[in-house]
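Notes for the structure review
Letter by letter, the chains look like this.
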Amino acid sequence: MTKDERIGVLVGWSSRDLGPNVMLELQTFERDSWDAGEEPDTSRFFLTRNQATLLANHLLQVSGAQRPPRRRGWLASLFG
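Residues numbered from 1 in each chain as written. Predicted model: local features only at pLDDT ≥ 70, side-chain atom pairs only at ≥ 80, totals over all residues. Heavy atoms only, no water.

**Some words on the overall build of the protein chain**
- A tally of regular secondary structure across the protein chain gives three helices and three strands.
- The C-alpha radius of gyration computed for the protein chain amounts to 18 Å, which surpasses the reference 12 Å derived for 80 residues by more than 25%, pointing to a less compact arrangement than a globule.
- Expressed as lengths along the three principal axes of its C-alpha atoms, the size of the protein chain is roughly 60 × 30 × 25 Å.
- Counting the 80 residues in the protein chain, one finds 10% classified as buried.
- Per element, the accessible surface of the protein chain, about 7,300 Å² overall, is 54% carbon and sulfur.
- Distance between charge centroids for the protein chain: 17 Å, based on 10 positive and 10 negative side chains. (Helix = DSSP H or I, 4+ residues; strand = E, 2+ residues; numbered from the N terminus. Rg over C-alpha atoms; globule rule 2.2 N^0.38 Å. Buried < 20%, exposed > 50% of the residue type's maximum accessible area, 1.4 Å probe, protein only. Areas by Shrake-Rupley, 256 points an atom, 1.4 Å probe, with all protein chains shown as cover. Lys, Arg positive; Asp, Glu negative; His and termini not counted. Charge placed at Lys NZ, Arg CZ, Asp CG, Glu CD.)

**As for the pairing of strand β2 (residues 21-29)**
- Of the pairings in the sheet, the one linking strand β1 (residues 9-18) to β2 comprises nine bridges and is antiparallel in character. Within the sheet, the bridge partner assigned to Leu10 lies in β2 and is Thr28.
- Here β1 folds back onto β2 in antiparallel fashion, the turn holding two residues, of which Gly19 has a positive phi close to 75°.
- Where β2 lies against strand β3 (residues 41-48), eight bridges are found, and the strand directions are antiparallel. Following the sheet pairing, Leu26 is matched in β3 by Ser43. (Pairing = 2+ DSSP bridges.)

**Quick look at the sheet that holds β2**
- In spatial order, the strands read β1-β2-β3; together these three strands make up an open sheet with antiparallel pairing. Each having just a single partner strand, β1 and β3 make up the two edges of the open sheet. Pairs of neighbouring strands in the sheet enclose a mean axial angle of 20°, with direction left out of account.
- Packed on one face of the sheet, helix α2 (residues 49-63) meets β1, β2 and β3 and runs near 115° to β3. (Axes fitted to C-alpha atoms, helices over the stretch in contact; angles between N-to-C directions. Contact = heavy atoms within 4.5 Å.)

The structure is reproduced here in structure tokens:
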């Protein structure tokens, strides 16, 4: 770890649909700001939908969580 690296904890997030893109907003605390009772830092990231999908898949994989079950299409529901 270098002196310039920041380490904190994620305490909140939200996202906004911007048409072909997504804005991901992350709220974080570093230890000093948490101890001082300050407001969390907010970072905003603009992602393509493909980047958002890759990030979601990566987080599911590293967390060991299962992907949500795939919804059946309307044609399959007619025959099932």
